[in-house]
Amino acid sequence: MNEHAEPQERGQQKRPEMRVRPTAPIVPPSNVSGNALMCVIAIMAFLACLTFGAVSMVRATAASWQSEISRELTIQIKPDDNLDMEAALNDARDLALTFAGTRDGQIIDREATARLLEPWLGEGLDLDELPVPRLVVVTIDERNPPDFAAMRQALAEKIPQAFLDDHRTWVNRLVAMAETTALIGTGVLILVFSAMVLTVVFATRGALSGNRHIIEVLHFVGAEAGFVATEFQKHFLKISLKGSFAGGTLAALVFAIAGYWQGRSLATPQSDQATALFGTFSVGAGGYLGIAATMIVIALLTTLTARFTVMRTIFEIDRIRSDPARTDGLPET
Amino acid sequence: MGLDFVPSASLPEKVRGTRIDENRIAPLIHFENVGLRYGMGPEVLRDLTFDIPRRSFQFLTGPSGAGKSTLLRLLFLSLQPTRGLIRTFDRNIATIPREELPMLRRRIGIVFQDFRLLEHLTTYENVALPLRVRGKDELSYRADVIDLLKWVGLGERINVLPPVLSGGEKQRAAIARALIDRPELLLADEPTGNVDPPMARRLLSLFLELNRLGTAVVIATHDLSLMDQVDARRMILSQGRLDIYE
Ligand SMILES: Nc1ncnc2c1ncn2[C@@H]1O[C@H](COP(=O)(O)OP(=O)(O)OP(=O)(O)O)[C@@H](O)[C@H]1O
Ligand SMILES: [Mg+2]
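In the annotation of an unreviewed UniProt entry, chain B is listed under the name Cell division ATP-binding protein FtsE and assigned to Mycoplana azooxidifex. Per UniProt, chain B carries the Sequence similarities (unreviewed entry) text "Belongs to the ABC transporter superfamily." Turning to chain B, the UniProt record has this under Function (unreviewed entry): "Part of the ABC transporter FtsEX involved in cellular division. Important for assembly or stability of the septal ring."

If you look chain A up in an unreviewed UniProt entry, it shows as Cell division transport system permease protein from Mycoplana azooxidifex.

Okay, structure coming up:
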């Protein structure tokens, strides 16, 4: 009888052709708390990326203050009646260039000197009438600086009127200032990142708390903890990628627009001021890499939190098992 | 739909196939002097000693608050006894590590009193869930699930979400979910609680059919008329003690 029943049944099955929708994900794809989490992640990603870009910019500027000024030394020669200024300048430059670690020497000529003094002494200056010191600017290899003491000594012997300024006092102050600035920047970055970590962790846990019944049902129909955790992880990875991508892209856009604006108005006094203070708005490849890294960190954070929270929920469900004193969350059998 | 008209051959192959019993002699479950109290409360269950034999069919009954649900929790491994010994599938459950629990639960089907269907999944997806969490490929079980849904009379409700189902339909979906992986033991808590007598009879014949195919069944109920329909073993709980009428 079976043999007759089988083909007939198959035939019946074929005709209506049972259609089922493509299998829905085990974790409901979108709900209010999921959307809220996405918003929180987007905002935190935006703030973190913005801070990261700004801090790296400030640090770069601080570093450039320091390196630009320590890239040079100046030799100042005071005029004296029995001194041939031009010859002394040449001598000083040649002498400086004999030291290892120097690269190039440039004598500030009369016109340039006059221009330098213009703000203080006014136009139409005749340098010959005034005892104006003259300068030689020597660029040096900052990583391998010359022996300043020896140079000073040699100069003093050859040209007593010469005075070597290695900018050390300035450099030291600027280094200190740059270091403080960088430190403050790092502190702000740490604070913002901590806030981001905490917010993302708690928002993820909040979004998960509405799903306890799903975890329970999955567990009771025989799912292993790892399986349940992976399902939730996938879901939260999607949410966090969307959120952090939105936030990160927005931050990158802000930097790109700021850089563009600065490039366009480079000649205006305002932008020169801004440039002097903050450096250029270009965050560079490093900045964009940092934004990408922030996005990855957020994604990791969300998925790990989801995994950890699910595992712990299952652990709690199982602990009820070994401890009848704990009766919260028992299945309603 | 009268299940009497459904030839057992129409049960999906996967559901019918029998497992190889590791040990035919040992009962599925063995209780020895089991006692349980919640927290500091009185002992809800006292000195229970009984077996659930393989392929057996029994009702678990008793007045409200007697501890039926508690006993089912013990059988489902979601509670440990305060004292005594429980052997499930010939293993002492006190020494089973957490990681192995899912593997043992896969051999037990449970019908929760409140169904516990996932609201965002269709009837089909809910019933297929146990297979899905076992990592099976959807194509390998789709036909079986649809066959089982037809068998419990939900052939027309395959693509419907639980909120749309009637109480009896939910109940049958929950039962189908418990049966889909052909458990060795089926636990049902008040499975006829929210249905009218004709539907209760239909569900009962479903359980009997399943039992005929080799699954041990425990039905907790206090519906006397339901129990009167079958001449089956009765386990009666009262004041923490268990009396068994074969
Ligand atoms: N989670 C719990 N925490 C504390 N006490 C509980 C808990 N669950 C049940 N009890 C107590 O254990 C006893 C048995 O409860 P149980 O739910 O097993 O009874 P039942 O036989 O299923 O009753 P009903 O027929 O009403 O469903 C009751 O006195 C109840 O108050
Ligand atoms: Mg109960």
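*Asks:* Honestly, the state of the cysteines in this entry has me stumped. Any pointers?
*Replies:* One covalent bond between the sulfur atoms of two cysteine residues makes up a disulfide. All names here are of chain A. All chains considered together, the criterion is met by zero disulfides over all chains. Take Cys39: it sits in no disulfide, and the sulfur closest to it among the cysteines is that of Cys49, at 16 Å. Accessibility expressed as a relative area gives 49% for Cys39, which makes it partly exposed.

*Asks:* I keep staring at the packing of aromatic side chains and nothing clicks. Help me out?
*Replies:* Aromatic ring pairs are defined here through the distance separating the ring centres and the angle between the ring planes. Overall, the coordinates contain five aromatic pairs over all chains when judged by the stated rule. These aromatic residues form a ring-pair network of at least three members: A:Phe220, B:Phe76 and B:Phe112. The ring of B:Phe76 has B:Arg105 lying over it, and the distance from NZ or CZ to the ring centre is 5.3 Å. Its end group placed over the ring of B:Phe89, B:Arg107 keeps NZ or CZ at 4.0 Å from the ring centre.

*Asks:* In this structure, what is going on with the side chain of B:Arg182? I would like to understand it.
*Replies:* As for its placement among the helices and strands, B:Arg182 is situated in the loop between α6 (167-179) and β7 (185-189). Within polar-contact distance, the side chain of B:Arg182 engages the backbone oxygen of B:Leu213 at 2.7 Å.

*Asks:* Where do I start with the environment of A:Phe236 in this structure?
*Replies:* All names here are of chain A. Positionally, Phe236 belongs in helix α8 (residues 225-264). Overall, Phe236 belongs to the buried group, its relative accessible area being 1%. A C-alpha to C-alpha distance of 9.3 Å links Phe236 and Leu304, two positions 68 residues apart in sequence. With residues near it in sequence (within four places) discarded, Phe236 still touches Leu37, Thr204, Ala207, Leu208, Thr302, Thr303 and Ala306.

*Asks:* I keep staring at the site of ligand 1 and nothing clicks. Help me out?
*Replies:* Residues in close proximity to ligand 1 total 13 residues, the closest being B:Ser64, B:Gly65, B:Lys68, B:Ser69 and B:Thr70. At the site occupied by ligand 1, nearby residues are drawn from chains A and B. B:Gly65 is positioned with one of its backbone polar atoms (N or O) 2.8 Å from an oxygen atom of ligand 1. Residue B:Ser69 places a side-chain N or O atom 2.8 Å away from an oxygen atom belonging to ligand 1. Protein contacts shield 64% of the accessible area of ligand 1, which totals 630 Å² for the unbound molecule. Counting residues per element, the shell around ligand 1 draws most heavily on helix α2 (residues 68-75) of chain B, at four residues. A class-by-class count of the residues in the shell around ligand 1 yields four nonpolar, seven polar and two charged.

*Asks:* It is not clear to me how the UniProt feature "transmembrane region" (unreviewed entry) in chain A should be interpreted in this structure. Could you clarify?
*Replies:* All names here are of chain A. Per the UniProt entry, the sites bearing "transmembrane region" (unreviewed entry) are residues 35-58, 182-202, 214-232, 244-261 and 281-304 in this numbering. Annotated as residues 214-232, this span is 79% helix and 0% strand, and its ends, taken at the C-alpha atoms, are 10 Å apart. Helix and strand shares over residues 244-261 are 100% and 0% respectively, and the end C-alpha atoms of the span are 26 Å apart.

*Asks:* Sorry if this is basic, but what is going on with the packing of α6(B) against helix α7 (residues 197-212) of chain B here?
*Replies:* A pair of packed helices can be characterised by two numbers: the angle between their axes and the separation between those axes. All names here are of chain B. It is at 12 Å that the axes of α6 and α7 come closest, and there the two elements cross at 5°. Relative to α7, the element α6 is oriented roughly parallel. Two secondary-structure elements touch here, α6 through Gln171, Arg172, Ile175 and Leu179 and α7 through Met199, Arg202, Leu203, Leu206, Phe207 and Leu210. Classifying every residue of the contact of α6 with α7 gives seven nonpolar, one polar and two charged.

Cut-offs and rules
- Residues numbered from 1 in each chain as written.
- Chains lettered and ligands numbered in written order.
- Predicted model: local features only at pLDDT ≥ 70, side-chain atom pairs only at ≥ 80, totals over all residues.
- Heavy atoms only, no water.
- UniProt positions renumbered as here; feature names shortened; annotations may be inferred.
- Disulfide = S-S within 2.5 Å.
- Buried < 20%, exposed > 50% of the residue type's maximum accessible area, 1.4 Å probe, protein only.
- Phe/Tyr/Trp six-rings, centres within 6.5 Å; stacked < 30°, edge-to-face > 60°.
- Lys NZ or Arg CZ within 6 Å of the ring centre and 35° of its normal.
- Helix = DSSP H or I, 4+ residues; strand = E, 2+ residues; numbered from the N terminus.
- Polar contact = N/O pair within 3.5 Å; in protein donor to acceptor, adjacent residues only side chain to side chain.
- Contact = heavy atoms within 4.5 Å.
- Near = heavy atom within 4 Å.
- Areas by Shrake-Rupley, 256 points an atom, 1.4 Å probe, with all protein chains shown as cover.
- Nonpolar A, V, L, I, M, F, W, Y, C, P; charged D, E, K, R; others polar.
- Axes fitted to C-alpha atoms, helices over the stretch in contact; angles between N-to-C directions.
- Parallel < 35°, antiparallel > 145°, perpendicular 65-115°, else oblique.

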